[in-house]
Amino acid sequence: MPKRIYITTPIYYVNDKPHIGHAYTTTVCDVYARFMRFAGWDVFFLTGTDEHGMRIEKVATGRAMSPQQLADENAVAFQQLSPLLGFTNDDFIRTTEPRHVRQVQTFVQKLVDTQTVYLGEFEGWYDEGQEEYIPQTKARELDYRSPVNNLPLVRAKEHNFYFRLSAFQGRLESLFEKNPDFVRPEARRNEVLGRLREGLQDVPMSRTNFTWGVPMPHDPGHVIYVWIDALMNYITALGLGEPDSDAYRQRSKYWPATYHIIGKEILWFHAVIWPAVLMALDLPLPKCVYAHSFWIREGQKMSKSLGNFIDLTTIKQYVDRYGLDAWRYYMATHGPLGATDADFRADHFHTVYNTDLANTLGNCASRTAAMINKYFDGFVPAEAGPNESALADEEGPDDLHRPIADHDWPAITKEAVSSSTAAMEKIDLARSIGCAIGLVRKVDAFINLTEPYKLAKDESKRGELGAILYQCLEAVRIASLLLWAVMPGKMSELWSALGLSIEPDAGRLAELAEWGGLEPGCRVRKIALFPRVDTLSVIEGAA
Ligand code: ME8
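Residues numbered from 1 in each chain as written. Predicted model: local features only at pLDDT ≥ 70, side-chain atom pairs only at ≥ 80, totals over all residues. Heavy atoms only, no water.

A word on helix α8 (residues 186–197)
Next up, step 1: Between its first and last C-alpha, α8 extends 16 Å over 12 residues, near the 16 Å set by a 1.5 Å rise per residue.
Next up, step 2: Among all positions in α8, only Arg188, Arg189, Val192, Leu193 and Leu196 are buried. Looking straight down α8, one finds that the buried residues subtend no more than 135° of arc, so they occupy a single side.
Next up, step 3: Residues of α8 that are buried in the fold lie against α7 (169–178), β7 (183–184), α12 (267–280) and β13 (288–292). (Helix = DSSP H or I, 4+ residues; strand = E, 2+ residues; numbered from the N terminus. Expected span 1.5 Å × (residues − 1). Buried < 20%, exposed > 50% of the residue type's maximum accessible area, 1.4 Å probe, protein only. Arc of directions from axis to C-beta. Contact = heavy atoms within 4.5 Å.)

Structure below.
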């Protein structure tokens, strides 16, 4: 029985078109989901769109369309990200879908029945940008302006339904204490914990000043607060609110989530409000909320007012010039997964492409395949084994043999596979991918050290030459298995050049990654994976 994983992205607002931030979070989830499926896990990967709320109603009104029309238009743009960027999400949920609306009402009714939701009056500082009340002390710190759009906070008073968040103070504190990994990275956890310790207030969970939302059950004058509606997508997609449904039968097994991957600005909702709602519903809690930092642009925050967001058009230009796999590689290895923001710079992208992909991975695969073509007519030579023909040579190890003997490739590759897998399990994409690229660098160094092109001149060293080239290609093959999740297109191309038919969804990563999988005698074609891109010409709006 394979172990299960449920990974989610935030559901994105449809008030605007997708940009690099959205593409980034979903890429992180996709790389993880693909890797873990390959490693044999039963993975469910969810993304979708958040389609209710005042913000969407306002934008739609401004564009003289209905909120549903706006949602339909932009949801398509978000759905198109999957074929464009190679995402393998198992479902795409939209909060205006009946399956979601029905279950949100069921869950909210349950909260009313258990009195964790009550009717009351509230007055406070309201941030229209984030659709959230800001506590008095925080509002003062912010100079009564929205951290999202810098517009003045609005003094608002509402007769509303409230969620009894304050009742969960103790349970939330103990959740954080007992599960140091509930919120990652640690810097973010400390921030949440600090704010949690200031004490929790009840939060309004319905609105009466607009209508674009899920109606409150039995009280249609109120719509359910967009954040409560949105957070519930993680469970409505699995059918948890409808135990008689097919969705429930097929998907309820994936709850609780392994990872909710989000940006740091929405951590409070995920790390405090969401677990409290789940506790109130008597449902198990997610294992980890991972809040990454932000992409910034050439040193500046990306914002609508600066007009410097990397939008889909710019992303497509990068994909056209460098290839989709290179785009995914850059996202996964240089993105803001940790606690610091990452600067998207065109020149850095260019350098990383040429250094890691063209000069390291591409070059290493191509020179190894070229030598096998040149010296062995394209047939993979046998690994005679350094300890056999190559080293147990009557002359004993000389200077040339030494480096070969020093390279215990089965051990080196085994270590790379286990470190890469362990890092991926922790969602440390850069480290996981780094283990594979590190392996390729070792192969390159090995070629430089052993100089097979010199050995080729000496007929008596043919066994040794074959062994070296076998080892190089076998190590590259193993690295490619670890890199497939991030670069599925190019790694499949590499496999086909090696005559391998590998199905990552069959979940056999560990088995395939064992040393010796490459069969001597099989045919290797020439390989050109990542052509060098010499000039850094400016991509529209990218410099
Ligand atoms: O907040 N860098 O939706 P949203 C990296 N609907 N990631 C970024 C980013 C940046 N500069 N900008 C945005 C919402 N993101 C709610 C979520 S979930 C129940 C409801 C990513 O369209 C990041 O993942 O504003 C962030 O959390 C998300 O987009 C916000 O998307």
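Quick word on the nonpolar core
Next up, step 1: The biggest cluster of nonpolar side chains holds 106 residues, and the ones touching the most others in it are Ile7, Trp327, Phe344 and Met491.
Next up, step 2: It is helix α15 (residues 346–376) that provides the largest number of residues to this core, a total of 14 residues.
Next up, step 3: When near neighbours in sequence (up to four residues on either side) are disregarded, Trp327 contacts Ile20, Leu85, Ile315, Tyr318, Val319, Phe344 and Phe349.
Next up, step 4: Leu196, Ile224, Ile228 and Ala271 belong to the second largest nonpolar core, which has 73 residues in total. (Core = buried A, V, L, I, M, F, W, Y, C linked by side-chain atoms within 4.5 Å.)

Structural notes on helix α2 (residues 54–62)
Next up, step 1: When α2 is considered as a whole, its buried residues turn out to be Met54, Arg55, Ile56 and Ala60.
Next up, step 2: Elements that come into contact with the buried residues of α2 comprise β1 (4–13), β2 (42–50) and α3 (67–79).

Details of the site of the ligand
Next up, step 1: Neighbouring the ligand are 22 residues; Ile11, Thr25, Asp50, Gly263 and Trp295 lie closest to it.
Next up, step 2: Within the backbone of Tyr13, an N or O atom sits 2.9 Å from an oxygen atom of the ligand.
Next up, step 3: Taking Glu265, its side chain carries an N or O atom lying 3.0 Å from an oxygen atom of the ligand.
Next up, step 4: Breaking the shell around the ligand down by element, the ones donating at least two residues are β1, α1 (20–38), α9 (226–231) and β12 (259–263).
Next up, step 5: Element by element, the count of residues in the shell around the ligand is highest for β1, at four residues.
Next up, step 6: Among the residues forming the shell around the ligand, the class breakdown is 12 nonpolar, eight polar and two charged. (Near = heavy atom within 4 Å. Polar contact = N/O pair within 3.5 Å; in protein donor to acceptor, adjacent residues only side chain to side chain. Nonpolar A, V, L, I, M, F, W, Y, C, P; charged D, E, K, R; others polar.)

Describing unusual backbone geometry
Next up, step 1: Here the bond from Arg184 into Pro185 is cis, since omega is -10°, no more than 30 degrees from zero.
Next up, step 2: Tracing the chain through its elements places Pro185 in the loop between β7 and α8.
Next up, step 3: The omega torsion across Trp255 and Pro256 is 5°, close enough to zero to call that bond cis.
Next up, step 4: Checked against the element boundaries, Pro256 lands in the loop between α11 (246–251) and β12.
Next up, step 5: Positive phi outside glycine occurs at Gln115, with the angle close to 60°.
Next up, step 6: Tracing the chain through its elements places Gln115 in the loop between α5 (98–113) and β4 (117–127).
Next up, step 7: In this structure, Glu298 is a non-glycine residue whose phi angle is positive, near 45°.

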